[in-house]
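# An overview of the molecular structure
Letter by letter, the chains look like this.
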Amino acid sequence: MTSLLLKRASVSRPSGEWNDDDYDVVADGDVVGRIFKVHAAPVGSPWMWTLVFWHHEDRTSTHGYEATREAAMQAFAKSWHRET
């Protein structure tokens, strides 16, 4: 099973300005998604997770909202590993 790592966007994407609540999800050295805090989100679920577009194939969920960064990472991993 592929390990997923979180990298701060400011480290992973050095160009531009990123806030402290913006992360890239990395698998095998490639950025495969993103987890970040959004202003326009469902109440109580400010953390959005999303797969990078070219990794959408055969995934039942490609994005979602969660209450915490940790919950967003769990939801991302579930989609990434194609768990139901």
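Refer to the structure presented above.
Bear in mind the structure is a predicted one, so any value in this text is a computation, not a measurement.

### Thoughts on the nonpolar core
The biggest cluster of nonpolar side chains holds 14 residues, and the ones touching the most others in it are Leu-4, Val-25, Val-32, Ile-35, Trp-49, Phe-76 and Trp-80. Mapped by element, the contributors of at least two residues to this core are β2 (22–27), β3 (30–37), β4 (47–51) and α2 (69–80). Among the elements that line this core, the one with the most residues is α2, at five residues. Not counting chain neighbours up to four residues away, the residues in contact with Val-25 comprise Leu-4, Leu-5, Leu-6, Asp-30, Val-31, Val-32, Gly-33, Arg-34, Ile-35, Met-73 and Phe-76.

### A word on the side chain of Asp-22
Its location among the elements puts Asp-22 in strand β2. Within the structure, the side chain of Asp-22 is placed 2.9 Å from the side chain of Arg-34, a separation counted as a polar contact. Excluding anything up to four places from it in sequence, Asp-22 contacts Lys-7, Arg-8, Ala-9, Arg-13, Arg-34, Ile-35 and Phe-36.

### Re the pairing of β2
For β2, the tally of buried residues reaches six of six residues, placing the bulk of the element in the interior. Taking every second residue as pointing to the same face, both faces of β2 are buried, with Asp-22, Asp-24 and Val-26 on one and Tyr-23, Val-25 and Ala-27 on the other. Where strand β1 (residues 4–8) and β2 come together, five bridges link them in antiparallel fashion. Within the sheet, the bridge partner assigned to Arg-8 lies in β2 and is Tyr-23. Alignment of β2 against β3, held across six bridges, turns out to be antiparallel. Looking at β3, one finds that Tyr-23 is bridged to Ile-35.

Each value, and the rule that gives it
- Residues numbered from 1 in each chain as written.
- Predicted model: local features only at pLDDT ≥ 70, side-chain atom pairs only at ≥ 80, totals over all residues.
- Heavy atoms only, no water.
- Core = buried A, V, L, I, M, F, W, Y, C linked by side-chain atoms within 4.5 Å.
- Buried < 20%, exposed > 50% of the residue type's maximum accessible area, 1.4 Å probe, protein only.
- Helix = DSSP H or I, 4+ residues; strand = E, 2+ residues; numbered from the N terminus.
- Contact = heavy atoms within 4.5 Å.
- Polar contact = N/O pair within 3.5 Å; in protein donor to acceptor, adjacent residues only side chain to side chain.
- Pairing = 2+ DSSP bridges.

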